[in-house]
Every structure is written in C-alpha cells, then in structure tokens.
Amino acid sequence: MSRYKLLALLGTGSYGTVHRAVHCETHKEYAVKSIDVRRANHYEGACVLTELRVLASHTCPYLVAFKEVYVSEHGVVHLVTELAACGDLAHEVAARRAAHRPFTESDVWHYALQLCLAVHYLHGIHVVHRDIKPANILLDARRNVKLADLGVATLLRTAPTAQPHIGTPYYMSPEMYRRERYGYKSDVWAVGCVLYELVALKTAFQGRNVLSLRDNIVGARVRVMPHGVYASAPSSVTSAVRALLQPVPRHRPTMAEFLARPRVRDELARRQLAVAACAPEVKPLFHAPCVVPQRPDDWQRVVDLFCELNATIRWNRTTEERLAAVSDLRHALATPAALPAIRPTAPDAHMPLRRELSRIVQQLHTLRSQVHALDARRIALVAKLRT
C-alpha cells in the first residue's frame, strides 16, 4: 500500500481484514478494509460491489463514512473509511459485563435509536444489512453510532425477499434458520437482539450448540431479562425488545413502524434525532450500472467509477452540528434531573390518510422495481435475438 501505512489489525470483516492505517502524506488515521478479489467467486465479488456502492453513495450520518477505494499492485481492493475512535459496541458490552456496570437507560436509547435510524435508511434504499451485531456497530469520538461492515449486505430492488442465508448465528432471524425467504424484517430482529444485549449485557438467545441455539431462536425462547435494571423497563425498553423479537415476520414491525411508536417518537424528540435527517437519499453513483468484474484486473474500472476526486469523510456543517448536539444531549440526559417530562403524544387525526399515502407510495416503489426488471428482461431478449 503506497498511500497508506498499515498499523494494528482491528479485526476481520466479511471477506477481508480491517487495519488501522495512517495516510503517508496527511498523517491522518483511517480504517482500511483489504479484500483479495483474486480469490473471490462471483457471489463474493457481488458482495464487495454492493458494499462499495453503498459506502460511496450513502448520505446517512450513522453509517460509517467513506474516504476512497483503490486497487494495490497485488490485485487487492482497499476500502478506506473513517476510523472509529471509541471502538465497537461489542467491546463496550464486554467491558461493562466484566465490571458489572450496566448501561444507563439513556445510553441504551442513545445507541439503539441511532442504530434504528441507520437501518431505516438502509431499508429506504432497498438494502438489507444481514449482519447487524454489536461488533459491527462502531462508536466515533463523540460516541455516536456508525454501522459498518456491509460486506454481506444485499439489494432488494426487484423482489422484497432474499434467498442466501448468511449472518452471525446469535443474531439470525427465525425465518433464516427455517431456510425461508427473508427481507427487511430480519434486520429488525437483529436490532431487537442488540437492544436486549444492551440491557442485559448478554445475548438474547443461548444454546449448548448451533442446533440448540436454532431451536431457541425459532421458538423465540428469549433469556429472562434481568429484573430491576431500569425503573421504566417494563413500559419502554422491555416492550421495545418484545415488539422487535416477534418470531413471525408479519407480526414484527418494520423499522419505520417501530420508529413511529409513541414512546420511541418521544425518545427521538428528546434527543433531537429526526427520522427526516436520515431520508433515503443517495448520490447518483448508487444507480451507476456496474457488473461484477470477471477478472481481477477489471476491478480498476470499478474503482475508477466509485472513487471521487478530493473525497472527504467530513459531513456538512449542519450534520456536524446535529451530531455534536446529539452527543451533548447523551451526557445531559444521563442525569435524571435533566430529563424533561414526556408529554403524551397527541393523536394524529390524519393518521389514516398518512397510512393510505404510505401504502400507495410503497406500491409505486414496487411497481417501479417491476418495470425495471421487465425492461432488463426486454433488453436481454433483444440481445439474444440479435445474436
């Protein structure tokens, strides 16, 4: 690597290794994920391409920020992203478990809501993460969430479900263990597992082996939540976990529906976290036509497509100020005296109309995806006729 000097190994991600690295000219530190595409099959290459597509074009402040990508002389693709100064949530959970020091309820909501906003954004651009777990939830210097490792994410552009079953066993949904087709709600299940772990400092499901773990997850046999953790746990955190860990997908809320729950909306407002700030907007690069390279040498063409000149990991001023305010509120809300009273959410007289409008918009998205699929099929048939 000519532009970056590798330092410590941070971990192994999907199909690659992640190192702390320093830029040789600016001396700034970044995280570099190295993927040897020479040994990758077509499916693994598609996963790398999806990760690169999302990283290079997303606009969500709660997803890890992208710097650049390049191919080394050895045919290895290097993804350069921001460095999470405070590590990941798995290490934070382990440290608190060893010290018998649970998270405060304020911290649980702080991390959980930012994770939900990141997942809501991904689902808005038709991406399923498929590997949500504490180890992939990074924390920046302000201890704001940065969801990372999109190496096994998949795009659901033409169908609402996916087939390959992949993920970390403790956080995989019942439908994945049943070998059924799954979709966005598998991510919702994983978020519920993470929320449980933030409260209990242990995984929601356990088993002597993989088969025992599978039976417990399919049967939704959740480990008992510790009593007396929070005074309001029965009405807030516990009810949120119960809603997210519904074994039947159709009984599980979508991420948008979960964020619209009255208590969740109150917690979002208290922390100045706006769902609108994570609107499903992407840079034009996201829609760039690109196929998985057949040869390692062809990856340079993909890199040239997704790598912008003078790329930066800094957000605009408004987003930076919003993130700083969220971090400040995390400290302020940790003090019970600073907690503002929660007023009951007034009923929305227009809610039936909003639901109908949301249903129509979803149908339009589905129809547009079907049109794109039919158009692609038409092009393929025309090409066959010409040959």
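Chemist: Which residues make up the environment of Ile 137, and what values do they have?
Modeler: Inspection of the secondary structure assignment puts Ile 137 in strand β7 (residues 137-139). Along the chain, Ile 137 and Leu 89 lie 48 residues apart, while their C-alpha atoms are 5.6 Å from each other. Beyond its immediate chain neighbours, meaning those up to four positions away, Ile 137 contacts Asp 88, Leu 89, Leu 115, Val 145, Lys 146, Leu 147 and Val 194.

Chemist: Now, about the packing of aromatic side chains: what can you tell me, with residues and values included?
Modeler: Applying the stated criterion across every chain yields a total of 4 aromatic pairs. On the basis of an interplanar angle of 80 degrees and a centroid distance of 5.9 Å, the ring pair of Phe 103 and Tyr 111 is categorised as edge-to-face. In this pair, the class of Phe 103 matches that of Tyr 111, namely buried. Through a chain of ring-to-ring contacts, the aromatic side chains of Tyr 4, Tyr 30 and Tyr 70 assemble into a single cluster.

Chemist: Provide a residue-level description of the pattern of salt bridges, including the pertinent values.
Modeler: Tallied over the entire structure, the rule returns 17 salt bridges. The residue Arg 263 makes a salt bridge to Glu 267 at a minimum N-O spacing of 2.7 Å. Of this pair, Arg 263 and Glu 267 are both found in helix α9 (residues 262-270), 4 residues apart, which corresponds to roughly one turn of the helix. By relative accessible area, which is 25% here, Arg 263 ends up partly exposed. Using a relative accessible area of 0% as the deciding quantity, one classes Glu 267 as buried. Through salt bridges with shared partners, a single network forms among Arg 263, Glu 267, Arg 270 and Arg 271.

Cut-offs applied
- Residues numbered from 1 in each chain as written.
- Predicted model: local features only at pLDDT ≥ 70, side-chain atom pairs only at ≥ 80, totals over all residues.
- Heavy atoms only, no water.
- Helix = DSSP H or I, 4+ residues; strand = E, 2+ residues; numbered from the N terminus.
- Contact = heavy atoms within 4.5 Å.
- Phe/Tyr/Trp six-rings, centres within 6.5 Å; stacked < 30°, edge-to-face > 60°.
- Buried < 20%, exposed > 50% of the residue type's maximum accessible area, 1.4 Å probe, protein only.
- Salt bridge = Lys/Arg side-chain N within 4 Å of Asp/Glu carboxyl O.

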